[in-house]
Amino acid sequence: KISLVNLADDYLYENNLSMAEKMLAEAEQLKHRGIRYEEAYHHTILAIKKGEKLVAKNKLQHFRHLADSIINTKENENFAEQIARFETEKKQASIIALQKENELKNALAERRRKYIYTLTGGLLLLLISSWYIIHNINKRKNLELQLFKQEELFAKKIEIEKKRLPRQANRV
């Protein structure tokens, strides 16, 4: 179809209107949508060169309609690109926000972990210190008890010795 329209263009340039018309008619029979704009343009030129003003006017309106639809299509494509770009930027912003949120959650989890480790360490230190203090208090009580028992024993021995000394002194 593209080749036929290009041939029609060449025939129009050479003012061979019958061949140009024939090529355009053959091109129209082929159902290819991509070349409609050029086809309408050549039909308009052909009608102008043939002197068919009413046909040329209709073909020109058809040509303008196709040109407008191409412009609208391009604008719609640009609009679609802008929407896609906006959606992409929105998703990227969402990803960045989620990454920051994840970083904050990780930092918070790390702080909690440190707090738990510190608290656990503190409790362990408190338990060890308490055990050590209680152990020392018990040890001191045991030592005091032993000392008290030894003092009592010693006191008993002194009493026994005191009682024995006067007896020995009387014997001598």
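Residues numbered from 1 in each chain as written. Predicted model: local features only at pLDDT ≥ 70, side-chain atom pairs only at ≥ 80, totals over all residues. Heavy atoms only, no water.

Q: Help me understand the pattern of salt bridges, please; the structure alone is not making it clear to me.
A: Applying the stated rule across the entire model yields three salt bridges. One salt bridge connects Lys50 with Glu21, and the closest N-O pair in it is separated by 2.5 Å. Taken together, the positions of Lys50 in helix 3 (residues 36-50) and Glu21 in helix 2 (residues 17-29) put the pair 29 residues apart, joining distant regions of the chain. Lys50 sits in the partly exposed class, given a relative accessible area of 34%. For Arg113, the salt bridge identified is with Glu110, shortest N-O distance 2.7 Å. Highlighted residues: Arg113 and Glu110, both in helix 4 (residues 53-171), separated by three residues, approximately one helical turn. (Salt bridge = Lys/Arg side-chain N within 4 Å of Asp/Glu carboxyl O. Helix = DSSP H or I, 4+ residues; strand = E, 2+ residues; numbered from the N terminus. Buried < 20%, exposed > 50% of the residue type's maximum accessible area, 1.4 Å probe, protein only.)

Q: I keep staring at helix 1 (residues 2-13) and nothing clicks. Help me out?
A: Two residues of an α-helix separated by three or four positions point the same way, owing to the 3.6 residues in each turn. The end-to-end C-alpha distance of helix 1, which contains 12 residues, comes to 17 Å, matching closely the 16 Å that a straight helix rising 1.5 Å per residue would cover. For helix 1, every residue scored as buried is listed here: Leu4, Val5, Ala8 and Leu12. One side of helix 1 carries all its buried residues, which in axial view fall inside an arc of 100°. Every exposed residue of helix 1 that faces more than 90 degrees away from the buried side is listed here: Ser3 and Tyr13. One or two residues past the end of helix 1 sits Asn15, with phi positive at roughly 65°. (Expected span 1.5 Å × (residues − 1). Arc of directions from axis to C-beta.)

Q: Please clarify how unusual backbone geometry should be interpreted in this entry.
A: Peptide bonds are trans in most cases, and residues, glycine excluded, mostly fall at negative phi. Positive phi is not limited to glycine here, since Asn15 has a value of about 65°. Of note, Asn15 is situated in the loop between helix 1 and helix 2. Its relative accessible area of 53% is what places Asn15 among the exposed residues.

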